[in-house]
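# Descriptive analysis of the structure
The chain contents come next:
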Amino acid sequence: MSEVTIIIPILNEQESILPMYQSLKALNLSNYEIIWVDDGSTDDSFQKIKQICADDKHAKCISFSRNFGHQYALLAGMKAAKGNIIIHIDGDLQHPVSLISTMTSKIYEGYDIVTTKRTRNEKSGILKTVFTRNFYRLINFLSETRITENAADFRAFNKKVLGRVLEFQEQHLFWRGIFDWVGYKRFDLTYNASPREFGKTKYSFQKMFSLARFGITSFSLKPLRLALSLGLFISFFAFAFGIYALIAYVNGRIVSGWTSIIITSMIIGGVQLLVVGILGEYIGNIYREVLKRPKYLINDTINISDKEDS
């Protein structure tokens, strides 16, 4: 059994794979395995990983039939992991590989989970920075589980935690929330994100927005409660305005102008659409859970004995 399992999700990172592998080898880990998870790459990523696996028995690979997403790539790697310490790290070289030694030492000290938080990234755009900051503020306002701000999918944890997180059966996984939800003894590390050396980010604004939606609806019922409260408030306001209009009519005072009617109708209509949209998100999540489709399909494996879709 390996002492350390390093799981690296990959999507079109052909330029980064060899430098990433060399950085990991420079750590001089004695008993380890590296599990590359190719998340449906369309470049030569899989071929480069295949070459590494042919020369190094510690290197393994799981190749998906198509792109299923970063969260599911991590799940596939965890299901194949044999180590006592498991590490998640991205393959774009923006997570400092040198921090792995510190992370493993903290696990040996008795911590169950070591999480990392980004302190800055000079290359991040203003839109992404603002979106990320406000996402964590929003999700922590709405969620019963506090999510670590600026957390990254760069973490270490022991086999006990691995067993617990693999019990989660929901279709849409949000690992940052799950690892905060499970508790256990944890240690936080901070790091400066390195600028991307090769290629472009694969995490578009649309993907970030989808992850945010799933993160909020997976860990909180507060949006539904807020929708109920907002609906009650608007209903009370509309009822009070209706009484005022009726009294004015009875007293012979005509409520002049259509502006107030239009504005009121737009407010009520907008709130109704907002509430329906929130309900739709939760109903959509229920629909996806009921379908129980596989979370991913494996096309090929290298140096891994059991091939299993999930």
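Our structure's up above, just so we're on the same page.
Here's a quick rundown of the structure. Not measured: the values here are computed from a predicted model.

Scoring rules and cut-offs
Residues numbered from 1 in each chain as written. Predicted model: local features only at pLDDT ≥ 70, side-chain atom pairs only at ≥ 80, totals over all residues. Heavy atoms only, no water. Phe/Tyr/Trp six-rings, centres within 6.5 Å; stacked < 30°, edge-to-face > 60°. Helix = DSSP H or I, 4+ residues; strand = E, 2+ residues; numbered from the N terminus. Buried < 20%, exposed > 50% of the residue type's maximum accessible area, 1.4 Å probe, protein only. Lys NZ or Arg CZ within 6 Å of the ring centre and 35° of its normal. Contact = heavy atoms within 4.5 Å.

What the rule picks out here adds up to seven aromatic pairs. With a centroid separation of 4.9 Å and 50° between ring planes, the pair formed by Phe157 and Phe179 is classed as tilted. Of this pair, Phe157 sits in strand β6 (residues 155–158) while Phe179 sits in helix α7 (residues 175–181), placing them 22 residues apart in sequence. Each member of the pair, Phe157 as well as Phe179, carries the same accessibility label: buried. Among the aromatic side chains, those forming a connected cluster through ring pairs are Phe64, Phe68 and Tyr296. The ring centre of Phe68 lies 3.9 Å from the NZ or CZ of Arg66, which sits over that ring. Above the plane of the ring of Tyr111 lies Lys185, whose end atom (NZ or CZ) is 4.9 Å from the centre.

Turning to the side chain of Lys106, a few remarks are in order. Secondary-structure assignment places Lys106 in helix α4 (residues 100–108). Not counting the four nearest positions on each side in its chain, Lys106 is found in contact with Tyr111, Val114 and Phe187.

So, on to unusual backbone geometry. Even without being a glycine, Asn12 presents a positive backbone phi close to 55°. With respect to the helices and strands, Asn12 occurs in the loop between β1 (4–10) and α1 (14–25). A residue is classified by how much of its surface remains accessible, and Asn12, at 22% relative accessible area, is partly exposed. In this structure, Leu93 is a non-glycine residue whose phi angle is positive, near 70°. Counting through the fold element by element, Leu93 comes out in the loop between β4 (85–88) and α4. The class of Leu93 is buried, set by a relative accessible area of 14%.

Keep in mind these numbers describe shape, not what the thing actually does.
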